[in-house]
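Fold and geometry: a report
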Amino acid sequence: MASWTPQQAGLQEILQTIHDSTDTRNTVTQRAITHKLNNFTRAPDYIAYLAYILSAMPQEDDRIRTIAGYLLKNNARLILRASPEVIAYVKSAVLAAFSDQSSMIRNAAAQDVVQFLGILEPRHWPECLQQLVHLLDSPNAEMQEAAFNTLEKACEDYPRKLDVEIEGTMPLDFMIPKFLVLSEHPSSKMRAHAIACLSYFVPIGCQALFAHLDTFIACLFKRASDEDSTVRRHVCQALVLLLASRPEKLMPEMNNVAEYMLYSTKDKHENVALEACEFWLTFAEDPDLAPYLHPLLNKVAPVLLDCMVYTEDDLLWLQGGEEEDAAVPDKETDIKPRHYGGKSHGLEHDGGAAANGENGGGDGAKRVGAYGEEVAEGDDDDDYDDYEDDDEFADDMTTEWNLRKCAAAALDVLAVRFGPDLMNVLLEPLRAKLWSEDWLQRESGILALGAMAEGCIDAIEPHLPTLVPYLINTLNDSKPLVRSITCWTLGRYASWCTQMVSDEHKNQFFIPTLEGLLRMVLDNNKRVQEAGCSAFATLEEDAGPELAPYLEPVLRNLVFAFDKYQHKNMLILYDAVGTLADAVGSALQNPTYVEILMPPLIQRWHKLKEDDEDIVPLLECLASVTIAMGPSFLPYASPIFNRCHTIVNSQLLQYQTYQQNPDMDEPDRSFLVVALDLLSGLTQGLGIALEPHISQCQPSLLSLLTVCLKHPHAAVRQSGYALVGDMAMNCFPLLRPHVPPIMHELLAQLDPEPKVEFISACNNAAWAVGEVALRFGLNDPEFQQWVLPLVSRLIPILLHPKAPRSLHENAAVSIGRIGLMHPGVVAPLLPDFAQAWCQALYEIRDNEEKDSAFRGMCTLVHHNPTGIAKSLLWFCNAIVRWNQPSPELNQMFQDLLTGFKQQDPAGWSSAVATFPPVIQERLAARYGV
């Protein structure tokens, strides 16, 4: 053992705290213990004490020593700042514990080994790797298996760290052949570990493995019929990884591989079937492999279809899926943590997607996603917070992804890849399922129909006049699981149902779908409510303003749900209400609708405290409602504005306290983000009518906003800049006195190559600059001081080849708007950015932002005509791409083009002669040039 030794007082204190932690009944005590354990991490040798308790205190109960082992794992990164004595002791103690007589201690030590080996890297702990590999030849089967289990986790977690040279040799040059030999081991556990370890080196392009690749593939074929299901699962996993990384190695044998994978997809062990099913998902996702997959469609697709039927295990796990459980409160564990992005501003392309790829409200309220699971981000919780058993933790995770969902996802991708050909293969089997007497078969057919919606829409569309009424009728099915998947599938076809091609279509398909989904919103089964509410939100998005005539019944149903829903579905209901407001816009200003919707929202508002997590989705919902209701929202504005101001102030104070005390838990930024977004909504909806609220609040809202613009979290800055731009647009006199400090922060945020997580904040800053510039007005002397600093930041963003397209667009718009107001300052710079400017904006859909930007560009060209000379083709292309320019802009185009032609007729004719014919034709037709 190394030279470090524990101090008895410190050892006893840590030991006693671990003993106390086993009393889970008292939550107050638990909180104090957690705080105490966090404080221990400041001690430079804390991890050595934990290693000592784990390895050198056999008199202690195994459970206490195991907890020390898990605490050691969770605090492993402390080794990076530990003294050489502590590092040496921890290394030797963990390896000693790995050979302990108790399996609990060995398991805890194994996890410590994996963690420390990853942090220190094998090249700084070669003796550990040597010991593990050496134990693979141990006569003790238990030690042999434990070593291989530990190596497998290391190979899975950090294969690249193992693929290195250590003291002149490459350990994998020895380990890979060793694993290949062990794939023939009499013990199935050893065979499984061997195949698994080998497979983890495939995705990283490991040369030590690729030198033996043919041997490895031969080994996989040999093990393909192994009696042990875990071995077969790892064989399937390895073939999936090979298909993704080295498909050319499998193609010569693809017929045999495909037959084996089809056979394995039907394996009675679901873990084998799931890995095999991943093969088809991977195969379908690679467009280059489509020619190899196409001939297999008629075999693969029906197998995937059969995999989508609920198994007995699925139904057992779903338990409450069959109950009328609407009145049963949710368990808090059912509600996943939600992370909120900030409000985004951007332009729209002709396709109609937001330029920056984000929704206005961030990623807060989640709906039911593909194949019926809730769409939510992964949890960030540390493993073993409660000293859970590893297998239990893994079992818990398997509920997220299973054979049924994988098969449906694979079918979805196949549909996108092969469309009508897939439909031809599945037409009969799908029909048989949809009209089956067995509800499980019917349910899987409806799931398949939804999965194929995107890719096969052209082939399915002729059948939709039959299928949509079938689905609407199926909403009456007695089985909640059938009703819930039918909601999801109807949501997938919402865009077809909402096409207002004729009154007949509307009456036959749209209205019945609307009524059917509204009934499901109020179902007595929570799963059906969730799917119904989620699908209805999708219908709202697709229907848009067409929903306006039906607002009263829609609102009455949604309002009824406020009284009926439990905690989890309430979050989806908020999303549905917010989406409805976005869809129908100002139609919601009708006093009747305001009187229906606002009382339940205000009731929820008063029930929730500032620090209640449920206020976050409610704030986000209200942000959409305020914008839609506009002036009609004014009677409700005061308490909502005041609470938003309180939340912003208290959250900033909490964050300040946290920065001064890093041991505290970091405050959840979601509260701050959505409070700013709701203030943006109030600003857009009520404009200058907010003046009394903004002028009376203390501390000043604008002062708080300036602090938000400096916040370390990009999402907070993003929403802060959105509020700046919205205030500029809707109540500029209130913003103007505070522009100098805000402009300082705006300049700092304009970055030509922001980190990925900063892009949206930078986008909003670039957009806000243009809004502020417009409101100051023509040649305003106060704004003029910022023109060159701003333009000198925006032009590099526009010219940067790696900046996202959305950033190019917002930078271009703001340059145009600043140029419109201060042409004398910006026009000399025109040659620097004219071509990039035109390239950034020519594809954007006609709208007011684009119009003002182009008026700015025309003004700059008028001031500096030679500045556009080298970019004339791009400028003319951008002009003719307009569908309906405003009369003012159209006249500017006419004047400029006519001026070019009159000034130098011969030069103009020769320049235009080089343009593509379509541009020449449009210039002649529209502007006579």
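Quick note: structure is the one above.
Conventions used here
- Residues numbered from 1 in each chain as written.
- Predicted model: local features only at pLDDT ≥ 70, side-chain atom pairs only at ≥ 80, totals over all residues.
- Heavy atoms only, no water.
- Helix = DSSP H or I, 4+ residues; strand = E, 2+ residues; numbered from the N terminus.
- Rg over C-alpha atoms; globule rule 2.2 N^0.38 Å.
- Buried < 20%, exposed > 50% of the residue type's maximum accessible area, 1.4 Å probe, protein only.
- Contact = heavy atoms within 4.5 Å.
- Areas by Shrake-Rupley, 256 points an atom, 1.4 Å probe, with all protein chains shown as cover.
- Lys, Arg positive; Asp, Glu negative; His and termini not counted.
- Charge placed at Lys NZ, Arg CZ, Asp CG, Glu CD.
- Core = buried A, V, L, I, M, F, W, Y, C linked by side-chain atoms within 4.5 Å.
- Axes fitted to C-alpha atoms, helices over the stretch in contact; angles between N-to-C directions.
- Left-handed = near helix turned anticlockwise from the far one by under 90°.
- Nonpolar A, V, L, I, M, F, W, Y, C, P; charged D, E, K, R; others polar.
- Phe/Tyr/Trp six-rings, centres within 6.5 Å; stacked < 30°, edge-to-face > 60°.
- Expected span 1.5 Å × (residues − 1).
- Polar contact = N/O pair within 3.5 Å; in protein donor to acceptor, adjacent residues only side chain to side chain.
- Salt bridge = Lys/Arg side-chain N within 4 Å of Asp/Glu carboxyl O.
- Arc of directions from axis to C-beta.
- Parallel < 35°, antiparallel > 145°, perpendicular 65-115°, else oblique.
- 1 Å grid on protein atoms, 1.4 Å probe; cavity = no way out; pocket = protein on both sides within 12 Å on 5 of 7 lines; lining within 4 Å.
- Points joined across faces, edges and corners; volume = space filled by probe spheres on them.

**A word on the overall build of the protein chain**
When its secondary structure is counted, the protein chain shows 51 helices and zero strands. A globule of 929 residues ought to have a C-alpha radius of gyration of about 30 Å, and the protein chain, at 32 Å, matches this closely. With the C-alpha coordinates aligned to their principal axes, the bounding extent of the protein chain is approximately 95 × 70 × 65 Å. Counting only residues that meet the buried cut, the protein chain has 57% of its 929 residues in that class. Partitioning the contacts of the protein chain with sequence separation of at least 6, the portion at a separation of at least 24 is 75%. Surface accessibility of the protein chain: about 39,300 Å² in total, with carbon and sulfur atoms responsible for 50%. Across the protein chain, the mean location of the 71 positive side-chain charges is 1 Å away from that of the 125 negative side-chain charges.

**Overview of the nonpolar core**
Among the nonpolar cores identified, the biggest contains 338 residues, and W280 and W837 are the most heavily contacted of them. For this core, the leading source of residues is helix 22 (residues 403–418), giving 11 residues. Apart from the residues within four sequence positions on either side, W837 is in contact with L798, A812, I815, G816, A853, F854 and M857.

**A short note on the packing of helix 3 (residues 46–56) against helix 4 (residues 62–74)**
Where helix 3 contacts helix 4, the two axes come as close as 8 Å, and the packing angle between them is 145°. When you trace helix 3 past helix 4, the crossing you get is left-handed. Within the contact between the two elements, helix 3 uses Y46, I47, L50, A51, I53, L54 and S55 and helix 4 uses R65, A68, G69, L71 and L72. A class-by-class count of the residues in the contact of helix 3 with helix 4 yields nine nonpolar, two polar and one charged.

**Quick look at the packing of aromatic side chains**
Inspection of every chain in the model, using the stated rule, returns 23 aromatic pairs. Measuring from ring centre to ring centre gives 6.1 Å for F562 and Y574, while their planes differ by 50°; the resulting arrangement is tilted. A residue pair is termed long-range when its members are at least 10 positions apart, and F562 in helix 31 (residues 551–564) and Y574 in helix 32 (residues 567–584) qualify at 12 residues. Look at F562 and you get buried, because its relative accessible area is 6%.

**Observations concerning helix 14 (residues 229–245)**
When the terminal C-alpha atoms of helix 14 are compared, their 24 Å separation across 17 residues agrees well with the 24 Å that a helix rising 1.5 Å per residue should span. For helix 14, the full list of buried residues reads S229, V231, R232, H234, V235, C236, Q237, A238, L239, V240, L242 and L243. The N-cap residue of helix 14 is D228: its side-chain oxygen and the backbone nitrogen of T230 are 2.9 Å apart.

**Looking at unusual backbone geometry**
The residue after Q698, namely P699, is reached through a cis peptide bond having omega -5°. Counting through the fold element by element, P699 comes out in the loop between helix 37 (691–696) and helix 38 (701–708). Phi angles above zero are rare outside glycine, and E167 is one such case at about 50°. Note on placement: E167 falls in the loop between helix 9 (159–162) and helix 10 (171–182).

**With respect to the environment of Q660**
Relative to the helices and strands, Q660 is located in helix 35 (residues 634–660). Taking the relative accessible area as the measure of exposure, Q660 reaches 57% and is therefore exposed.

**Looking at the pattern of salt bridges**
Across all of its chains, the model carries 34 salt bridges by this definition. The partner of K568 in a salt bridge is E530, with the nearest N and O atoms 3.8 Å apart. Highlighted residues: K568 in helix 32 and E530 in helix 30 (residues 526–543), separated in sequence by 38 residues. Just as K568 is buried, E530 falls in that class too. Where E848 meets R817, a salt bridge forms, and the shortest distance between an N and an O atom there is 3.4 Å. Separated by 31 residues along the polypeptide, E848 in helix 47 (residues 848–863) and R817 in helix 44 (residues 805–821) bring together distant segments of the chain. Judged by relative accessible area, E848 falls into the partly exposed class, the value being 49%. For R817, a relative accessible area of 0% translates into the label buried.

**Details of helix 51 (residues 917–927)**
Taken residue by residue, helix 51 has I919, L923 and Y927 as its buried positions. In an axial view of helix 51, the angular spread of the buried residues amounts to 35°, which keeps them on one side of the axis. Set apart from the buried face of helix 51 by more than 90 degrees, the exposed residues are P917, E921 and A925. On its buried face, helix 51 sits against helix 48 (872–880) and helix 49 (887–903). Directly after helix 51, the chain includes G928, whose backbone phi takes a positive value near 65°.

**Describing the packing of helix 14 against helix 17 (residues 270–285)**
Orientation of helix 14 relative to helix 17, taken along the N-to-C sense of each, is 10°, at an axis distance of 8 Å. By the angle class used here, helix 14 and helix 17 are roughly parallel. Along its contact with helix 14, which presents S229, R232, R233, C236, Q237, L239, V240, L243 and A244, the element helix 17 presents N271, V272, E275, A276, E278, F279, T282 and F283. For the contact of helix 14 with helix 17, the per-class residue count stands at nine nonpolar, four polar and four charged.

**Looking at empty space enclosed by the protein**
For the coordinates displayed, the defined rule picks out one cavity of 30 Å³ or more. Roughly 50 Å³ of internal volume is contained in the largest cavity. Around the largest cavity sit Q651, Y655, P667, D668, R669, L672, H711, H713 and V716, which together line it. Classifying every residue of the lining of the largest cavity gives four nonpolar, three polar and two charged.

**Some thoughts on the side chain of Q237**
Relative to the helices and strands, Q237 resides in helix 14. When neighbours within four sequence positions are excluded, Q237 is seen to be in contact with S199, Y200 and E275.

**Some words on the environment of V272**
Examined against the element boundaries, V272 turns out to sit in helix 17. Judged by its relative accessible area of 0%, V272 is buried. Sequence separation of V272 and C206 is 66 residues, and the distance between their C-alpha atoms is 25 Å. Residue contacts for V272: discarding those within four places in its chain leaves S229, R232, R233, C236, S264 and D267.

**Considering the environment of M520**
Mapped onto the secondary structure, M520 falls in helix 29 (residues 503–521). For M520, a relative accessible area of 4% puts it in the buried group. Among all residues touching M520, those that are not within four sequence positions of it are L475, R483, C487, V528, Q529 and G532.

Shape is all these values report; function is a separate question.
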